[in-house]
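# Structural overview
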Amino acid sequence: MAFKLPVKKKPPKQQQVDNTAARKAVQDWLPWKDIAGGVITRKDGQVVAVLKVEPFNLALKSENEKMRVITAVHEALNGQREAFQILSLGRPVDLDAYLKGLQDLARETGNPARKKLLQEYTRYVAALVASGEALERRYYILLPGKEQIEVLQRAHELAGNLERSGLKVRVCGDQEIIDLIFVFTHPAQAAFERPPMPGPYLPSQVKGA
C-alpha cells in the first residue's frame, strides 16, 4: 500500500512574499529600471529615446536617387554629437492565419489549374514557416542622454532630418518601446504572443511618476 505524504501549502502571505522576491530578482537582472514618458530609464541613470525606421528598398531607386538618399542619411547621422546605437531586429512572423486562408482557397476553388497553384504555394509557405526563416526586419536608432526632454528633442530633430531623405521615421512611444524590448528578450514568443500593455506590472522607478 502506498502512502502519500501531505503537502504543506504555504500561507497566502508567504506565497506573496515569494512572488515579490521572484519579481525583484527579475528586475535586478534587467538592465533598465522603467519605461515611461517615451524613454527607457537605465540603471545608470541615463535615459534612452527610440526611433523606429521603416524598411526602405534602395534597389528600386535610380543611381541619382540612391546617392541623394545616402548623402542625406549620412549628413543626418554625422550631425549627431552624442553617441547613438543602430539596432536591426528580426521578428518572427506568424503565418498560421495566412496559411489557413490559402488552404481554404485551395479547397473551395473549382478551377483545377488554380487549385494546383494554390496547393504548391501553400506547401512553399508551410516549408517557410517550418524553417523559421519567416522574419520581418525592424530598424531602430537608440539615443541615450541624461535628461528626458533633451533626448526626446534630439530624437524629434533626427527623425525630421532622416525624413528629408525619404525614410519613414517616428519617435516611439511607451508601447512601441515595450514591443521592441519584448521581441529582443523573447524572440521565440514574439511571433504568437503580444507584448504586455503599459501598466503597473513594474513598480515605477522614475521620480514623479
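Residues numbered from 1 in each chain as written. Predicted model: local features only at pLDDT ≥ 70, side-chain atom pairs only at ≥ 80, totals over all residues. Heavy atoms only, no water.

How two aromatic rings sit relative to each other is given by the distance of their centres and the angle of their planes. Tallied over the entire structure, the rule returns 2 aromatic pairs. Taken together, a centroid distance of 6.4 Å and an interplanar angle of 85° make the contact between Y98 and Y121 edge-to-face. Taken together, the positions of Y98 in helix α3 (residues 96-108) and Y121 in helix α4 (residues 112-131) put the pair 23 residues apart, joining distant regions of the chain. Look at Y98 and you get partly exposed, because its relative accessible area is 40%. For Y121, a relative accessible area of 36% corresponds to the partly exposed category. (Phe/Tyr/Trp six-rings, centres within 6.5 Å; stacked < 30°, edge-to-face > 60°. Helix = DSSP H or I, 4+ residues; strand = E, 2+ residues; numbered from the N terminus. Buried < 20%, exposed > 50% of the residue type's maximum accessible area, 1.4 Å probe, protein only.)

If you check helix α6 (residues 174-185), its first and last C-alpha atoms are 16 Å apart, about what 12 residues at 1.5 Å a residue would give, namely 16 Å. Within the span of α6, buried status applies to I177, I178, D179, L180, I181, F182 and V183. (Expected span 1.5 Å × (residues − 1).)

Here we take up the packing of helix α2 (residues 63-78) against helix α5 (residues 148-163). Put simply, α2 and α5 touch, their axes get as near as 8 Å, and they point 165° apart. With respect to α5, the element α2 is oriented roughly antiparallel. Here α2 and α5 pass one another in a crossing that is right-handed. Contacts between α2 and α5 involve V73, A76 and L77 on the former and, on the latter, L158, N161 and L162. Here the contact of α2 with α5 is built from residues that sort into 5 nonpolar, 1 polar and no charged. (Axes fitted to C-alpha atoms, helices over the stretch in contact; angles between N-to-C directions. Parallel < 35°, antiparallel > 145°, perpendicular 65-115°, else oblique. Left-handed = near helix turned anticlockwise from the far one by under 90°. Contact = heavy atoms within 4.5 Å. Nonpolar A, V, L, I, M, F, W, Y, C, P; charged D, E, K, R; others polar.)

The next subject is the pattern of salt bridges. Evaluation of the coordinates by the stated rule reveals 8 salt bridges. Taking the shortest distance from any N to any O, the salt bridge between E65 and R68 comes out at 3.5 Å. Note that E65 and R68 are positioned in helix α2 at a spacing of 3 residues, about one turn of the helix. You can call R68 partly exposed: its relative accessible area is 38%. Linking R170 and E176 is a salt bridge whose minimum nitrogen-to-oxygen distance equals 2.7 Å. (Salt bridge = Lys/Arg side-chain N within 4 Å of Asp/Glu carboxyl O.)

Before going further, it helps to examine the environment of L180. Mapped onto the secondary structure, L180 falls in helix α6. What makes L180 buried here is its relative accessible area of 5%. Discounting chain neighbours no more than four positions away, the residues touching L180 are V50, L87, L89, Y140 and L142.

The end-to-end C-alpha distance of α2, which contains 16 residues, comes to 22 Å, matching closely the 22 Å that a straight helix rising 1.5 Å per residue would cover. Within the span of α2, buried status applies to V69, A72 and A76. Down the axis of α2, the buried side of the element spans an arc of 70°, and every buried residue falls inside it. Across from the buried face of α2, at angles greater than 90 degrees, the exposed residues are E63, N64, M67, H74, E75 and N78. Packed against the buried residues of α2 are α5. (Arc of directions from axis to C-beta.)

All right, on to the pairing of strand β3 (residues 47-53) then. The side chains of a regular strand alternate between both faces of the sheet. Within β3, 7 of the 7 residues are buried, which leaves it mostly tucked inside the rest of the structure. Pairing of strand β2 (residues 39-42) with β3 involves 3 bridges; the strand directions are antiparallel. If you follow I40 over to β3, its bridge partner there is V48. Counting the residues between successive antiparallel strands, the hairpin from β2 to β3 contains 4 residues, one of them, G45, with a positive phi of roughly 95°. In the sheet, β3 pairs with strand β5 (residues 135-145) via 7 bridges, with the strands oriented antiparallel. Across the sheet, the residue bridging to K52 is Y140, located in β5. Sheet analysis places β3 next to strand β6 (residues 169-171), joined by 3 bridges and oriented antiparallel. Bridge pairing in β6 places K52 opposite R170. (Pairing = 2+ DSSP bridges.)

The next subject is the side chain of K52. Within the secondary structure layout, K52 lies in strand β3. Despite being buried, K52 has no salt bridge partner; E54 is the closest side chain of opposite charge, sitting 4.5 Å away. Those residues in contact with K52 that sit more than four places away from it in its chain are R138, Y139, Y140, K168, V169, R170, C172 and E176. (Lys, Arg positive; Asp, Glu negative; His and termini not counted.)

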